[in-house]
Amino acid sequence: MERNPDKFWNPYLAGVALGLVLLAAYLVMGMGLGASGGSLRMGVAAVSTVAPEAVARTPPYLRAMQSGHANWLVYEIFGVLLGGLVAAYTSGRLRAEVLKGPRIGTGSRLALALAGGLLMGVAARIGRGCTSGQALSGGALLSVGAWAFMHTVFGGGYAMAWLVRKEWR
Amino acid sequence: MTFPILPAEQAGLLVAVVVGFGFGFVLERAGFGRAQKLAAQFYGTDMTVFKVMFSAIVTAMLGMVLASGLRLADFKTVADHVTSSTLLGPMIIGGFLLGAGFVVSGYCPGTSFVAAASGKVDGVMTVLGVMAGQLLWAGLEWREPFKTFHDWGDRGNLYLWELLHLPPRAGPVIVSLAVTAAAVGCFLAAERLEKALAAKADAAARATPAGRPGRLVFAGLSAAAVLGIVALALPTGTRAGARETVQLSQLDLARRVFSEPWDVRVVDVRDLKACAAKRIPGSECVPLQELGKLRLADAAAGRDLVIVAAGELSEVPREAAAYPGRVYLLRGGFQGWEAFALAPPAPPPAGAPASEVELYRLRAGIQSAMTGMKAAPPPPPPTAAPAAPRKAGGGCSG
């Protein structure tokens, strides 16, 4: 196989492939794809090893611990990591590095990555899902909330883009 | 209705890993493990995020439309399984914050896992950030004053076709066609925008033009949308309004009630007293004048609806005609059922064909269930020439 790190799939064919994966999840499991729900489940597992009593007195943590759906999402994330690893290795993109624009230092980039992640973690909890679980999985099934969410995700991105332009350009 | 399959837990977890593998692999190959490429979406130079996401949405949506058209699955039943309820306030604000976090971190929660798996340290930081953010809000959302905001304006499962007041069966198809048309239009606009901004794009995030494969996808998606409309026009006897009356024989109903009760919904529309005294096993007692209270137009179409009246009905009641799935009328009504189910069947003569013996078993089973008889009717005589050894056990009629 040709290994060119700058060669990607045609976006429309990649989209169709992603859509077929999503369709399989619908038809076999009656579930969509997700990422943030699995994060919460893993986070709660981490908290429970340090402070089990904190989990016991927080109902949303308890629910995440006991939910079969969250459990499914964690296994799905294992699959995502594995799929990402295999795809990155076979395309020559598997490399320890920090991705950023030319005008920003490594430390600042990592701090912004963490801060952006924190913001998305909160936002995905408020919006009942992230770009995968809400916008993609709900959008394809024509849920009104998912479509509202999807539009505001792009809105939020464009609104913020100018402020962080130094990070990328 | 065959899907969703809903496998048992352990098989389900295996499916989770397989589905996740496909998800991660495609995201990586689309370029979603590279922060600059994702962020370029918000500077207009590379619309890959938009293109991949919308072609995935349209593909899965049209797949569901076609699966519903072929009666393999019901769009709304699957949607009720998958989607969360709609809370416009929190979703609009959550979406806005998520978009802002997206351009700051360079990833969305799903793609940050892919970046982490391909060795990107910034991806790992985003994964940790998302985890912390989830824990933070999950720790606050159930306490006031956060709770009021978090649960603000819960509308339950709400779909675009319901918002537009379209009928439940045709609605998803019509909206899907509109979404497909809009998506293809936006794809063409995105291609032009990228071309216009090509000079400004940096090397790490250059757009892949649609090219021939892209045009094939546009054509394929449009064709699938048209097929969905064609499937809608197929004669299924389920069009609300001009619904033809489809009668179900007593024997067919009995077979279904006993062998696949999860696939039928039997509604007995006689008056409450008569229904309470004696009815078909598993049926609901809902007098005709109260049928509207079942809100059949909005019910999931997973099961076939069977209407049982006192005598034979000439047409489907108006409230039931709005049901999105199949609707049957029981031939002869309850009177016909009684004559069929309460009269003891005559045992078949020795040497009767297997089908006749089977029919007798079934009828005898129905009769004993309906009359509450302790002793089952006499077993059928042994078949003349037992061709092949059959497994023992014939249910309650044996």
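Criteria and cut-off values
Residues numbered from 1 in each chain as written. Chains lettered and ligands numbered in written order. Predicted model: local features only at pLDDT ≥ 70, side-chain atom pairs only at ≥ 80, totals over all residues. Helix = DSSP H or I, 4+ residues; strand = E, 2+ residues; numbered from the N terminus. Buried ≥ 20, exposed ≤ 12 C-beta atoms within 10 Å, placed from the backbone. Contact = placed C-beta atoms within 7 Å. Core = buried A, V, L, I, M, F, W, Y, C linked by C-beta atoms within 7 Å. Pairing = 2+ DSSP bridges. Axes fitted to C-alpha atoms, helices over the stretch in contact; angles between N-to-C directions. Parallel < 35°, antiparallel > 145°, perpendicular 65-115°, else oblique. Left-handed = near helix turned anticlockwise from the far one by under 90°. Nonpolar A, V, L, I, M, F, W, Y, C, P; charged D, E, K, R; others polar. Domains from an automatic or database assignment.

1. So, the environment of Gly214(B)
Part 1 of the argument: Within the element layout of this structure, Gly214(B) appears in helix H11 (residues 211-233).
Part 2 of the argument: The class of Gly214(B) is buried, set by 21 C-beta atoms lying within 10 Å.
Part 3 of the argument: Taking C-alpha positions, Gly214(B) is 9.4 Å from Phe187(B), a pair spaced 27 residues apart along the chain.
Part 4 of the argument: In this structure Gly214(B) touches Asn10(A) and Tyr12(A), once residues within four positions along its chain are discounted.

2. Description of the nonpolar core
Part 1 of the argument: Formed by 133 residues in total, the largest nonpolar core has its most connected members in Leu22(A) and Met64(B).
Part 2 of the argument: The dominant element in this core, judged by the number of residues it contributes, is helix H3 (residues 48-69) of chain B, at 14 residues.
Part 3 of the argument: Apart from residues no more than four positions distant in its own chain, Met64(B) is found in contact with Leu23(A), Tyr26(A), Leu141(A), Ala73(B), Phe75(B) and Val78(B).
Part 4 of the argument: Counting residues in each nonpolar core, the second largest holds 28 residues, with Leu253(B), Val267(B), Ile307(B) and Leu330(B) among its members.

3. As for the sheet that holds strand E2 (residues 264-268) of chain B
All names here are of chain B.
Part 1 of the argument: The strand order E1-E5-E4-E2-E3 describes an open sheet built from 5 strands, whose pairing is parallel. Both outer strands of the open sheet, strand E1 (247-248) and strand E3 (284-285), are each paired with one neighbouring strand and no more.
Part 2 of the argument: When E1 meets strand E5 (residues 327-330), the two strands line up parallel, connected through 2 bridges. Paired with Leu 248 across the strands is Leu 330, a residue of E5.
Part 3 of the argument: Across the sheet, helix H12 (residues 250-259) touches E1, E2, strand E4 (304-308) and E5, and the angle it forms with E2 is around 120°.

4. Considering the packing of helix H7 (residues 131-139) of chain A against helix H8 (residues 144-161) of chain A
Residue and element names in this part refer to chain A.
Part 1 of the argument: Closest axis-to-axis distance for the H7/H8 pair is 8 Å, and the angle between their directions is 125°. Our classification of the angle between H7 and H8 gives oblique. Once H7 is placed against H8, the crossing between them reads as left-handed. Contact with H7, carried on its side by Thr 131, Gln 134, Ala 135, Gly 138 and Gly 139, involves Gly 145, Ala 146, Trp 147, Phe 149, Met 150 and Val 153 of H8 and no other residues of that element.
Part 2 of the argument: Classifying every residue of the contact of H7 with H8 gives 6 nonpolar, 5 polar and no charged.

5. Focus on the environment of Gly44(B)
Residues and elements named next belong to chain B.
Part 1 of the argument: Locating Gly 44 in the fold gives a position in the loop between helix H2 (35-39) and H3.
Part 2 of the argument: Residue Gly 44 is classed as partly exposed on the basis of its C-beta count, with 17 C-beta atoms lying within 10 Å.
Part 3 of the argument: Between the C-alpha atom of Gly 44 and that of Arg 303, which follows or precedes it by 259 residues, the distance is 47 Å.

6. Digging into the interface of chain B and chain A
Part 1 of the argument: Across the boundary between the two partners, chain B contributes 119 residues, which contact 115 residues of chain A.
Part 2 of the argument: For the side of chain B that touches chain A, the class distribution of residues is 75 nonpolar, 35 polar and 9 charged.

7. Re the environment of Ala117(B)
Part 1 of the argument: In this structure, Ala117(B) sits in helix H6 (residues 109-117).
Part 2 of the argument: Among the residues examined, Ala117(B) registers 27 C-beta atoms within 10 Å and is labelled buried.
Part 3 of the argument: In contact with Ala117(B), not counting residues within four places along its chain, are Leu81(A), Gly84(A), Leu85(A), Ala88(A) and Gly24(B).

8. Focus on the domain arrangement of chain A
Residue and element names in this part refer to chain A.
Part 1 of the argument: Entries for chain A in the domain assignment read domain 1 (1-96) and domain 2 (99-169).
Part 2 of the argument: If you average the C-alpha positions of domain 1 and of domain 2, the two centres end up 17 Å apart.
Part 3 of the argument: Residue-level contacts link 8 residues of domain 1 with 10 residues of domain 2.
Part 4 of the argument: Take the side of domain 1 that touches domain 2: its biggest share by element is 3 residues, from helix H2 (residues 36-50).
Part 5 of the argument: Here the residues of the side of domain 1 that touches domain 2 are counted per class, giving 3 nonpolar, 5 polar and no charged.

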